[in-house]
Structures are given as C-alpha cells and as structure tokens.
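Below, each chain spelled out in residue letters.
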Amino acid sequence: MELPDFMSYSNKFTQKDFIEKISRVAKRAGSKLVYAALILYYSLKSDKISVKNKALIIGALGYLISPLDVVPDAIPIAGLTDDLAVLIYVLKMVWTDIDPTIQEQAKAKLTEWFDCEEIEETEHLFE
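A quick note: this is a predicted structure, and the numbers were derived from the prediction, not measured.

## Describing a negative patch on the surface
Together, Asp 115, Glu 117, Glu 120 and Glu 121 line one region of the surface with negative charge. Structurally, the position occupied by Glu 120 is in helix H6 (residues 116-120). For Glu 120, a relative accessible area of 55% gives the class exposed.

Right, dumping it as structure tokens:
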C-alpha cells in the first residue's frame, strides 16, 4: 500500500477535531489506533520532537480526522486500517524521541475508553 503525502493533511488537524474523532470512534477503532494517535498527539507538546517530525505528526493526525481516506472510515473493520497504518508509520519514524511519560499519559487516557484486556493489546503496538 502506498502511503499518502502526510503534509497534504496538515491543514485538517485541529485539537478540537482530533478529540472529537478519537472519542467518537474509540471502540470501533481499537486500542492500538487510539494509543498510537494519543502518543502522537501528546508528542506535539514535547520539546524533544523536532519541528520536521512535528509536521509529520500533524500530517498523520490530520489524515486520521480527515473524511477523505484511501479506505473510507465507514467501511466496517477495514475502514480504519489505512489510518492505523499511517499512524504506526509516523510513530515508528519518531519513536526514539518519544518520552516514556508520553506513553504513560496516553495509556492513562486509554482507561477512559477501554478495559484492561483491550489496553494490553497496545503492548504490541508495532505488530
């Protein structure tokens, strides 16, 4: 699968739209997608993330909240796979700069939407 140009989605990203989309699709999207999105979202506030990587993160989060997708979100099961692929791809690119406290912050937020068993799935984020 060819990944989209992340920067073309950067103008779609707003914090309000991100929070609305994540809370609306959390259960359907699954804990991995939400965890990856939250890590990237919280990373935007980190001074350890370069401006270039923040631009990639904003592009990936913009892709997530954009109604225009390679695979439309309305398609059951498959609809969010392209979003997850984009988030994981960008997360792998910036992973070495992600502070463990950001991961903890994202996990803490997950407890609002998921049970312990679903949260355990995030232990294998890149699989």
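## Quick notes on the packing of aromatic side chains
In this structure the tally under the stated criterion is 3 aromatic pairs. Relative to Tyr 41, the ring of Phe 18 has its centre 4.5 Å away and its plane inclined at 15°; by these criteria the two rings are stacked. Taken together, the residues Phe 18 in helix H1 (residues 15-29) and Tyr 41 in helix H2 (residues 31-43) connect sequence positions 23 residues apart. For the pair formed by Phe 18 and Tyr 41, the shared burial category is buried. In this structure an aromatic cluster arises from ring pairing among Phe 18, Tyr 41 and Tyr 42.

Rules used in this analysis
- Residues numbered from 1 in each chain as written.
- Predicted model: local features only at pLDDT ≥ 70, side-chain atom pairs only at ≥ 80, totals over all residues.
- Heavy atoms only, no water.
- Patch = residues over 30% accessible without salt bridge, like charges linked within 9 Å, V, L, I, M, F, W, Y side chains within 5 Å.
- Areas by Shrake-Rupley, 256 points an atom, 1.4 Å probe, with all protein chains shown as cover.
- Salt bridge = Lys/Arg side-chain N within 4 Å of Asp/Glu carboxyl O.
- Lys, Arg positive; Asp, Glu negative; His and termini not counted.
- Charge placed at Lys NZ, Arg CZ, Asp CG, Glu CD.
- Helix = DSSP H or I, 4+ residues; strand = E, 2+ residues; numbered from the N terminus.
- Buried < 20%, exposed > 50% of the residue type's maximum accessible area, 1.4 Å probe, protein only.
- Phe/Tyr/Trp six-rings, centres within 6.5 Å; stacked < 30°, edge-to-face > 60°.

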